[in-house]
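Coordinates in review
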Amino acid sequence: MVQNLIGSLSYSVFIYPLFVFVAILMFLFLFWRAIKHELFDEVLMLDTAVVATVGALLMSRIFEFIFQYEKFSWSYSKLVFFNKYGGVDFWGGLIGAGLFAYFFLRSKKINFWYVADLAAAPIAFAQAIVALGKYIAVFADSRINIYLYYFLGYVSIFFVLKVLARKKRHFGFFICFYVVSISALNMILFNFREEKTYILKVVPYDLAAPAVFLIGAVCIWYLLSKRKLARDLKGFFGRLLLGILKLFRTLTNMDEADRVSKAIVLSPYLLVLRLGAFLKLVGKEIVKSFSEFLYVLGVKKLK
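Residues numbered from 1 in each chain as written. Predicted model: local features only at pLDDT ≥ 70, side-chain atom pairs only at ≥ 80, totals over all residues. Heavy atoms only, no water.

1. With respect to a nonpolar patch on the surface
Basically, it comes down to this: Candidates for patches are residues over 30% relative accessible area with no salt bridge; among them, like charges are joined within 9 Å and nonpolar side chains (Val, Leu, Ile, Met, Phe, Trp, Tyr) within 5 Å. Here the Shrake-Rupley method, with its probe set to 1.4 Å, supplies the accessible areas, and only the displayed protein chains count as covering residues. What makes a salt bridge here is a side-chain nitrogen of Lys or Arg within 4 Å of a carboxyl oxygen of Asp or Glu, nothing more. A helix here means a DSSP run of H or I that spans at least four residues, while a strand means a run of E at least two residues long, and both kinds are numbered starting from the N terminus.
A cluster of nonpolar residues, Leu46, Val50, Val54, Leu58, Ile62, Ile66, Leu99, Phe100, Tyr102 and Phe103, forms a patch on the protein surface that exposes about 840 Å² of accessible area. Sort the elements by how many residues they give to the nonpolar patch and helix 3 (residues 42-67) lands first, with six residues. If you trace the backbone, Tyr102 turns up in helix 6 (residues 90-107).

2. Details of the packing of aromatic side chains
Here is the rule: Pairing of aromatic rings covers Phe, Tyr and Trp, the last counted by its six-membered ring, and requires centre-to-centre distances within 6.5 Å; plane angles under 30 degrees mean stacked, over 60 mean edge-to-face, and any other angle means tilted. Note on exposure labels: buried denotes an accessible area under 20% of the residue type's maximum, exposed denotes more than 50%, and partly exposed covers the range between, all computed with a 1.4 Å probe on protein chains only. Here, a charge over a ring means that NZ of Lys or CZ of Arg falls within 6 Å of the ring centre while also lying within 35 degrees of the ring normal.
This structure, assessed with the given rule, holds 18 aromatic pairs. Note on Phe125 and Phe158: the rings are 5.0 Å apart at their centroids and 50° apart in plane angle, and the pair reads as tilted. Residue Phe125 is located in helix 7 (residues 112-140), and its partner Phe158 is located in helix 8 (residues 147-164); the two are separated by 33 residues in the primary sequence. Residue class for Phe158 comes out buried when judged on its relative accessible area of 3%. An angle of 25° between the planes, with centres 6.0 Å apart, marks the rings of Tyr150 and Tyr154 as stacked. Of this pair, Tyr150 and Tyr154 both sit in helix 8, four residues apart, roughly one helical turn. Exposure remark for Tyr154: the relative accessible area of 8% places this residue in the buried category. One aromatic cluster is present, built from ring pairs that chain together Tyr102, Phe103, Phe112 and Trp113. Note that Arg169 overlies the ring of Phe173, its terminal NZ or CZ placed 5.0 Å from the centroid.

3. Topic: the side chain of Asp89
Rules: As used in this structure description, the phrase polar contact means that two N or O atoms lie within 3.5 Å; if the pair is within protein, one of them must be able to donate a hydrogen and the other to accept it, and residues adjacent in sequence are counted only when both atoms belong to side chains.
Here Asp89 lies in the loop between helix 5 (76-80) and helix 6. One polar contact links Asp89 to Tyr205, side chain to side chain, over a distance of 2.8 Å.

4. Here's the deal with the environment of Ala131
Applicable threshold: Throughout, a contact is declared for two residues whenever any of their heavy atoms are within 4.5 Å.
Relative to the elements of secondary structure, Ala131 occurs in helix 7. Placed 16 residues apart in sequence, Ala131 and Tyr147 show a C-alpha to C-alpha distance of 5.4 Å. Contacts of Ala131, omitting those with residues within four sequence positions, involve Tyr147, Tyr150, Phe151 and Tyr154.

5. Overview of helix 10 (residues 205-224)
Quick reminder of the rule: Between the first and last residue of a helix there are one fewer steps than residues, each counted as 1.5 Å, and that sum is the expected span. Regarding the arc, it is the one traced by the directions from the helix axis to the C-beta atoms.
Given a rise of 1.5 Å per residue, 20 residues ought to cover 28 Å, and the 28 Å separating the end C-alpha atoms of helix 10 matches this to within 8%. Tyr205, Asp206, Ala209, Pro210, Phe213 and Ala217 are the residues of helix 10 that are buried. Projected down its long axis, helix 10 carries its buried residues within an arc of 115°, all on one side. In helix 10, the exposed positions that point more than 90 degrees away from the buried face belong to Val212, Ile215 and Leu223.

6. Overview of the packing of helix 6 against helix 9 (residues 173-188)
This is how the line gets drawn: Convention adopted: a line fitted to C-alpha atoms gives each axis, helices being fitted over their contacting stretch, and angles between N-to-C directions are expressed from 0 to 180 degrees. Oblique is the label for any angle not covered by the other classes, which are roughly parallel (under 35 degrees), roughly antiparallel (over 145) and roughly perpendicular (65 to 115). Any residue outside Ala, Val, Leu, Ile, Met, Phe, Trp, Tyr, Cys, Pro, Asp, Glu, Lys and Arg is labelled polar, Gly included; the first ten of those are nonpolar and the last four are charged.
Two elements in contact, helix 6 and helix 9, have axes whose closest approach is 13 Å; the angle formed by their N-to-C orientations is 170°. The angle between helix 6 and helix 9 places the two elements in the roughly antiparallel class. Together, Phe90, Trp91 and Leu94 of helix 6 and Tyr178, Val179, Ile182, Ser183 and Asn186 of helix 9 make up the contact between the two elements. Here the residues of the contact of helix 6 with helix 9 sort into six nonpolar, two polar and no charged.

7. Considering the nonpolar core
To be explicit about the condition: To define a nonpolar core, start from buried Ala, Val, Leu, Ile, Met, Phe, Trp, Tyr and Cys residues and group those joined through side-chain atoms within 4.5 Å.
Counting 58 residues, the largest nonpolar core has Phe31, Met45, Tyr154, Ile157, Leu161 and Tyr178 as the members making the most contacts within it. Elements with a minimum of two residues in this core: helix 2 (12-37), helix 3, helix 6, helix 7, helix 8, helix 9 and helix 10. If one sorts the elements of this core by residue count, helix 7 sits on top with 14 residues. Excluding its chain neighbours within four sequence positions, the residues that come into contact with Tyr178 are Phe90, Leu94, Ala120, Ile123, Ala124, Gln127, Ile157 and Leu161.

Quick look at the structure:
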């Protein structure tokens, strides 16, 4: 009888909330380690995390209400009673967390982009835990889902962020890289989604939202890098012109054509060599990143 009762329960009821709770704890721990390493005021950063969480919950609920209007029927009572009419929107939560944290840190005269960079990797790791929880919960119910791909994607983004963090970057680099990466990941996995939301029953929201975030993050990333648009355009068209001239020379010069033909013949061999070197480099980076992650957790000391 006990076995029948246990078998009748949905594992997702217990698994997913547990993973969400662990994800929140891991985010707070990793963020705390990062701010401690940068010698920030821990109490102030905790206040920032609380303010950002409030903004995320508020805006995610509002976005869910707007873009899931069929479910809510534009009823404000359904918006308020989230315990019965659940649902939050990730992109709205991202906007809310960013806006609330920005104005709070601005009032404290602290660079928002500096703090956001410290939160980028912890957020990606927390998302990986949540995605893994969803995958395990749905797997326990014997249904196919794409959350395993989300888990692998978020883990990859996390480790890439840890690799890039070895070199000092400009403020905003890591948070922009994070937004661009998760936007690209969601756009790539869009066709694998079973449930899709449409704006005015025409535009797929699950594709349009990450596309907007990707474009916006790229623009902000470029502005924060303090590069000169005129100089970059000049360099781009200069390289394009050189490429055209090189192609013309190859087509009209026998020696150049002979070099190109040899390169084409040897290209499979060179590709294998470069692929091997690339995989070796990736392996070293993964091992090194995992070692640094253990250091962040306080399990291992860096040499």
